[in-house]
Amino acid sequence: MIQKNKFNITDDLKLIELFREGKNDAFDKLVMKYNDLIFNTCFRIVNDYDEANDCAQETFIKAYKNIDKFRAESEFSTWLYRIAINTCKNRITSLYAKMKKKMKRIDRINLHDDQDCITDIPDCKLDPAEIYEKKETEKIIMTAIENLPLRFKTLIVLRDIDGKSYEQISEITGIKQGTVKSRLSKAREHLRDKLRGVI
Amino acid sequence: MKCADIVKVLDQYADGQLDTEIEILIKNHLEKCPECSKELDFIIKIQKKFSEMKKVKAPEDFLYQFNKRLNNETSASKNIFTHFNIKRWMPYEAAGAIIIAVVIVMIYKPFDYLKNEYTEKPLHMAESVKKIQPLKKSENLTKPVKSIRKKYAIKEAVKLKKESVVLPAVKKKIITIQILNLYAVNDIPAESESISYQKTASKALSSKKSFGAAPSADMSIRDEEKPLTAFRKKRAKQVSVKKTDNQIKTIIQSNGGLIIRESVSKDGSEIIEIEIHQEKYDSLIKALNKKAEIKKRDMPSSAEGKMIRIRMNIKR
């Protein structure tokens, strides 16, 4: 379930070193390497494609400007995640009113409303009915996650969707591992209560 | 373990985050409890749904968008500096200059007088304020009006200060004058006068212990037979002279006074002992009044045509 980090850390450090020496292409490679990961996390937290795109770009711009502050004490991806999570938190806080309007109760979700369709998921193995059901389930889960408090939301996204380890989550969020565990249990309990009888 | 306790840690059990001992306990409980097993199934189902969620990919032109936005942001930040021809390190210099200015203001406190009463302001300021703010009793002004007038007066004073030439604040000295002796100038022969003068002078000196005079100087000139003026001049040279106020000394000398002795007392005040003719006494006091504040003055009685010996205590 938990995905292992398939990216090579030494490659990242080499690219960062090259970028510091003045080769801008090196940073482009880093962007290409991590854009999907960061974008996905941003999307799961913000739950809006354009906002997620904006947050992901802002994350890389912040990383570009503050690359000198990266001291390789943690992995580059962890550092990027930390920036992304903070950017998303700030975005949600600033757009609180806007987000509040968008929030929906799970029991009032119109399953035939395709306006909020997340993405097309091409999967040839599944028949159209299965694809439709999968989409709807995902939509319900996303709405349930969206309605979680922000401190729970980030943990659910990092652990259950991105598959980060407790140690990595602790590094990214700056919360102790014990607190991460207890908070995650509470978050999952909230989520179970919301999804019970829906999926 | 109760079901409520088991349910609390079931997600961690499913996550494989629990110790083996607790895991065994939960496993045994789950075998007996169908409700907790059902809850675990639900947890596993949600986790499965999470894992089935497809990763959302970034737009294909993400890198292009990123570079475009980066160029816009960097060019915007560059423009601010290049437009005004400011280098990036300039703000640090500006900050340094501001800090230095603040330190100077804190040390010299040039605006402190605005906070306090007029008495603490420089002399020229206090005078100008007095001219602007004559509060009459008959006006029967209420307190707010008074405060407004005061503020207005301070503003006017600041204006006046800007317009006028800044003069150094004059700090007046306090001079305490004491008449030590009187004696006739003309009707005493040189020898007898010098002896009588010495006697009276030594009496006066011995009566003031704190005076700090040099008695050897008195003794050395006691037997000399010289005219009085020559004697006084010589004596003035011989006494132990300490550095005192030149401004006061010039006033004394220009008004016909002869300095006999100068010294500085323990409390830091200067003591000058002079001899002056009675006729010139008043003009000396007038001249001194301009530069210093005469605190005490013993008026000479029946001293016409006589020399006066004075001790002046000058305090700053």
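Predicted model, so just to flag it, every value in this text is computed and none were measured. (Residues numbered from 1 in each chain as written. Chains lettered and ligands numbered in written order. Predicted model: local features only at pLDDT ≥ 70, side-chain atom pairs only at ≥ 80, totals over all residues. Heavy atoms only, no water.)

Enquirer: Can you help me understand the overall build of chain B in this one?
Expert: For chain B, the helix and strand inventory stands at 12 helices and five strands. Buried residues in chain B amount to 33% of all 316 residues. Across chain B, contacts joining residues at least 24 apart in sequence account for 65% of those joining residues at least 6 apart. When the accessible surface of chain B is split by element, carbon and sulfur atoms take 57% of a total near 21,200 Å². (Helix = DSSP H or I, 4+ residues; strand = E, 2+ residues; numbered from the N terminus. Buried < 20%, exposed > 50% of the residue type's maximum accessible area, 1.4 Å probe, protein only. Contact = heavy atoms within 4.5 Å. Areas by Shrake-Rupley, 256 points an atom, 1.4 Å probe, with all protein chains shown as cover.)

Enquirer: Explain the pairing of strand β5 (residues 306-315) of chain B to me, please; I cannot follow it from the model alone.
Expert: Here is the key point about a regular strand: its side chains alternate between the two faces of the sheet. All names here are of chain B. A large share of β5 lies buried, amounting to seven of its 10 residues. Bridging between strand β3 (residues 270-277) and β5 involves eight bridges; their strand directions are antiparallel. Directly across from I272, in β5, lies its bridge partner M312. (Pairing = 2+ DSSP bridges.)

Enquirer: Would you take a moment to explain the interface of chain B and chain A for this structure?
Expert: Where interface size is given, it is often the accessible area lost as the parts come together that is meant. Taken together, the contacts link 30 residues of chain B with 46 residues of chain A. Together chain B and chain A conceal approximately 3,800 Å² of surface at their shared face, both sides included; 60% is due to carbon and sulfur atoms. Sorting the residues of chain B by area buried against chain A places B:F50, B:V56 and B:F62 first, and these three jointly supply 19% of that buried surface. On inspection of chain B and its partner chain A, the count reaches nine salt bridges. Linking A:R159 and B:D15 is a salt bridge whose minimum nitrogen-to-oxygen distance equals 2.9 Å. (Buried area = accessible area lost by both parts, 1.4 Å probe. Salt bridge = Lys/Arg side-chain N within 4 Å of Asp/Glu carboxyl O.)

Enquirer: I'm lost on the confidence of the model for chain B in this one. Help?
Expert: Note that predicted coordinates carrying low pLDDT should not be read in detail. All names here are of chain B. When the pLDDT values of chain B are averaged, the result is 69; 53% of them are 70 or greater. Per-element averaging of pLDDT across chain B places helix α9 (residues 215-221) at the bottom with 39 and helix α2 (residues 20-32) at the top with 90. Across residues 117-121 the pLDDT falls below 50, and counting only partners more than four positions away or on other chains, this stretch makes 12 contacts in the model. Across residues 187-226, confidence stays below pLDDT 50; counting only partners more than four residues off in sequence or on other chains, it has 53 contacts. Two numbers describe this predicted complex: its pTM, 0.49, and its ipTM, 0.76. (pLDDT = per-residue confidence, 0-100.)

Enquirer: Would you mind showing me how to read the nonpolar core here?
Expert: Soluble globular proteins tend to pack their nonpolar side chains together in the buried interior. Within the largest apolar cluster, 62 residues are counted, with the highest numbers of intra-cluster contacts made by A:I38, A:F76, A:I145, A:L195 and B:F50. When residues of this core are assigned to their parent elements, the largest contribution, 11 residues, is made by helix α2 (residues 24-46) of chain A. Aside from chain neighbours lying at most four places away, what touches B:F50 is A:I141, A:I145, A:I156, A:D160, A:I161 and A:L191. If you look at the next biggest cluster of nonpolar residues, it comprises 20 residues, including B:I272, B:Y281, B:A292 and B:I308. (Core = buried A, V, L, I, M, F, W, Y, C linked by side-chain atoms within 4.5 Å.)

Enquirer: Would you mind showing me how to read the pairing of strand β2 (residues 258-264) of chain B here?
Expert: All names here are of chain B. Counting buried residues in β2 gives five out of seven residues, a clear majority hidden from the surface. Of the strand pairs in this sheet, β2 and β3 are connected by six bridges, and their pairing is antiparallel. Across the sheet, residue R261 finds its bridge partner in β3, namely E273. Hairpin connection of β2 to β3: five residues between the antiparallel strands, including G268 at a positive phi of 90°.

Enquirer: I'm lost on a nonpolar patch on the surface in this one. Help?
Expert: A contiguous nonpolar surface patch, about 650 Å² in accessible area, is contributed by B:I99, B:I100, B:V103, B:I104, B:I107 and B:Y108. Within the secondary structure, B:I107 is located in helix α5 (residues 90-108). (Patch = residues over 30% accessible without salt bridge, like charges linked within 9 Å, V, L, I, M, F, W, Y side chains within 5 Å.)

Enquirer: What's the story with the pattern of salt bridges in this structure? I'm lost.
Expert: Applying the stated criterion to the full structure yields 21 salt bridges over all chains. A:R44 is the partner of A:E138 in a salt bridge, and the nearest nitrogen-oxygen pair spans 3.3 Å. With a gap of 94 residues between them, A:E138 in helix α6 (residues 128-146) and A:R44 in helix α2 connect regions that are remote in the sequence. Across the pair B:E39 and A:R196 runs a salt bridge, and its minimum N-O distance is 3.0 Å. One end of the pair, B:E39, is in helix α3 (residues 34-52); the other, A:R196, is in the segment after α9 (177-195), on a second chain. Residue class for B:E39 comes out buried when judged on its relative accessible area of 12%. Taken together, the shared-partner salt bridges connect A:E51, A:D54, A:E58, A:K62, A:K65, A:R91, B:R69 and B:E73 into one network.

Enquirer: Any chance you could explain the side chain of B:D15 here in plain terms?
Expert: Looking at the secondary structure, you find B:D15 in helix α1 (residues 3-15). Reaching out from B:D15, the side chain makes a polar contact with the side chain of A:R159 at a distance of 2.9 Å. Those residues in contact with B:D15 that sit more than four places away from it in its chain are A:R159, A:Y166, A:R188 and B:Q47. (Polar contact = N/O pair within 3.5 Å; in protein donor to acceptor, adjacent residues only side chain to side chain.)

Enquirer: What am I meant to see in α1(B) here?
Expert: Count 3.6 residues to each turn of an α-helix, and residues three or four apart come out pointing the same way. With 13 residues, α1(B) should reach 18 Å at 1.5 Å per residue; the first-to-last C-alpha distance of 18 Å fits that figure. Remark: the principal bend of α1(B), roughly 45°, maps to B:V9. Looking only at α1(B), the buried set comprises B:I6, B:L10, B:D11, B:Q12, B:Y13 and B:D15. On its buried face, α1(B) sits against α7 (150-161), α8 (166-173) and α9 of chain A together with α2 and α3 of chain B. (Expected span 1.5 Å × (residues − 1). Bend = angle between axes of the 7 residues up to and from the residue.)

Enquirer: I keep staring at the packing of aromatic side chains and nothing clicks. Help me out?
Expert: Two numbers describe a pair of aromatic rings. These are the distance of the centres and the angle of the planes. Evaluated as defined, the whole model comprises 12 aromatic pairs over all chains. Judged by centre distance (6.5 Å) and plane angle (70°), the rings of A:F43 and A:Y49 are edge-to-face. Every member of this aromatic cluster is reached through a ring pair, and the members are A:F19, A:F27, A:F60, A:Y64, B:F62 and B:F66. Against the face of A:Y166 rests A:K181, its NZ or CZ located 5.8 Å from the ring centre. (Phe/Tyr/Trp six-rings, centres within 6.5 Å; stacked < 30°, edge-to-face > 60°. Lys NZ or Arg CZ within 6 Å of the ring centre and 35° of its normal.)

Enquirer: Looking at this structure, how should I read the state of the cysteines?
Expert: Working definition: the covalent bond between the sulfur atoms of two cysteines is a disulfide. Residue and element names in this part refer to chain A. Scanning all chains against the criterion turns up zero disulfides over all chains. C88 provides the cysteine sulfur closest to C55, a residue in no disulfide bond, and the two sulfurs are 4.2 Å apart. C88 takes part in no disulfide bond, and the closest cysteine sulfur to it belongs to C42, at a distance of 3.6 Å. (Disulfide = S-S within 2.5 Å.)

Enquirer: Got a minute to help me understand unusual backbone geometry in this structure?
Expert: Working note: non-glycine residues mostly have negative phi, and peptide bonds are mostly trans. Residues and elements named next belong to chain A. Positive phi, close to 60°, is recorded for N47, a residue that is not glycine. When you line up the elements, N47 lands in the loop between α2 and α3 (49-65). One non-glycine residue with positive phi stands out, namely A72, at about 60°. On the secondary structure map, A72 appears in the loop between α3 and α4 (76-94).

Enquirer: Quick question: what am I supposed to make of the packing of α6(A) against α3(B) here?
Expert: Geometrically, a packed helix pair is captured by the angle between its two axes and the distance between the axes. The geometry of α6(A) relative to α3(B) is characterised by a closest axis approach of 10 Å and an angle of 105° between their N-to-C directions. As the angle between them shows, α6(A) and α3(B) are arranged roughly perpendicular. Contacts from A:K134, A:T137, A:I141 and A:I145 of α6(A) reach α3(B) at B:K49, B:F50 and B:E52. Of the residues contributing to the contact of α6(A) with α3(B), the split by class is three nonpolar, one polar and three charged. (Axes fitted to C-alpha atoms, helices over the stretch in contact; angles between N-to-C directions. Parallel < 35°, antiparallel > 145°, perpendicular 65-115°, else oblique. Nonpolar A, V, L, I, M, F, W, Y, C, P; charged D, E, K, R; others polar.)

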